[in-house]
Amino acid sequence: QVRLVESGGGLVQTGGSLRLSCTASGRFFGINDMGWYHQAPGKQRESVAVISRGGTTNYADSVKGRFTISRDNAKNTVYLQMNNLKPEDTAAYYCYAKVRTSGSYYDPRDYWGQGTQVTVSS
């Protein structure tokens, strides 16, 4: 029912910038939280940044001051502006959305994108 499609990953040098985008499509009533998670080889997937529908944000300590998450509710799209990238940011980045696929506010479903690779060279 719901599809999340990411774009914007790539290869960048230390100190460079990238902007990730993720758009949700399909049949749903609305989207609560949206966010970005990353997963490096051999490590657990972890939260990078999350934003509520109303705009409240939560960042991992490692990216505070460097990354900015935003969303356009009319377009069902979430963005992640990544500045001053470091080699430690290298990972697959996955878009996340908590989607209301029924009319119940208490029955959201988790959806994930396929991932986009971010590689930061030293």
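Everything numeric here is computed off the predicted structure, so don't read it as measured data. (Residues numbered from 1 in each chain as written. Predicted model: local features only at pLDDT ≥ 70, side-chain atom pairs only at ≥ 80, totals over all residues. Heavy atoms only, no water.)

Student: Describe the overall build of the protein chain, listing the residues and the values that go with them.
Tutor: When you go through the protein chain residue by residue, the secondary structure sums to 0 helices and 11 strands. Moving toward the C terminus, one meets the helices and strands of the protein chain in the order β-β-β-β-β-β-β-β-β-β-β. Dimensions of the protein chain, computed from C-alpha atoms along their principal axes, come out at roughly 50 × 25 × 25 Å. The buried share among the 122 residues of the protein chain stands at 42%. The contacts of the protein chain with a sequence gap of at least 6 include a subset with a gap of at least 24, amounting to 56%. Summing over all exposed atoms, the protein chain offers an accessible surface of approximately 6,600 Å²; the carbon and sulfur share of this is 44%. Side chains of the protein chain carry 14 positive and 9 negative charges; the gap between the two charge centres is 5 Å. (Helix = DSSP H or I, 4+ residues; strand = E, 2+ residues; numbered from the N terminus. Buried < 20%, exposed > 50% of the residue type's maximum accessible area, 1.4 Å probe, protein only. Contact = heavy atoms within 4.5 Å. Areas by Shrake-Rupley, 256 points an atom, 1.4 Å probe, with all protein chains shown as cover. Lys, Arg positive; Asp, Glu negative; His and termini not counted. Charge placed at Lys NZ, Arg CZ, Asp CG, Glu CD.)

Student: Any chance you could break down the state of the cysteines for me, citing the residues and the numbers?
Tutor: Here a disulfide denotes a covalent bond joining the sulfur atom of one cysteine to the sulfur atom of another. Counting across every chain of the model gives 1 disulfide. Cys 22 shares a disulfide with Cys 95; S-S distance 2.0 Å. Its S-S torsion of approximately -85° makes the covalent link between Cys 22 and Cys 95 left-handed. On the criterion of sequence distance, the pair formed by Cys 22 in strand β3 (residues 18–26) and Cys 95 in strand β9 (residues 91–100) is long-range, its members being 73 residues apart. Note on accessibility: Cys 22 and Cys 95 belong to one class, buried. (Disulfide = S-S within 2.5 Å.)

Student: I'd love a proper account of the nonpolar core, names of residues and values included.
Tutor: If you look at the biggest cluster of nonpolar residues, it comprises 29 residues, and the most contacted ones within it are Trp 36, Leu 80, Met 82 and Tyr 93. Elements that contribute at least two residues to this core include exactly β1 (2–7), β3, β4 (30–39), β5 (46–51), β7 (67–72), β8 (77–82), β9 and β11 (116–121). Ranked by the residues each element gives to this core, the list is headed by β9, at 5 residues. In this view, Tyr 93 contacts Glu 6, Leu 20, Trp 36, Tyr 37, His 38, Val 48, Phe 67, Leu 80, Met 82, Gly 115, Thr 116 and Val 118; residues no more than four positions away in its chain are not counted. (Core = buried A, V, L, I, M, F, W, Y, C linked by side-chain atoms within 4.5 Å.)

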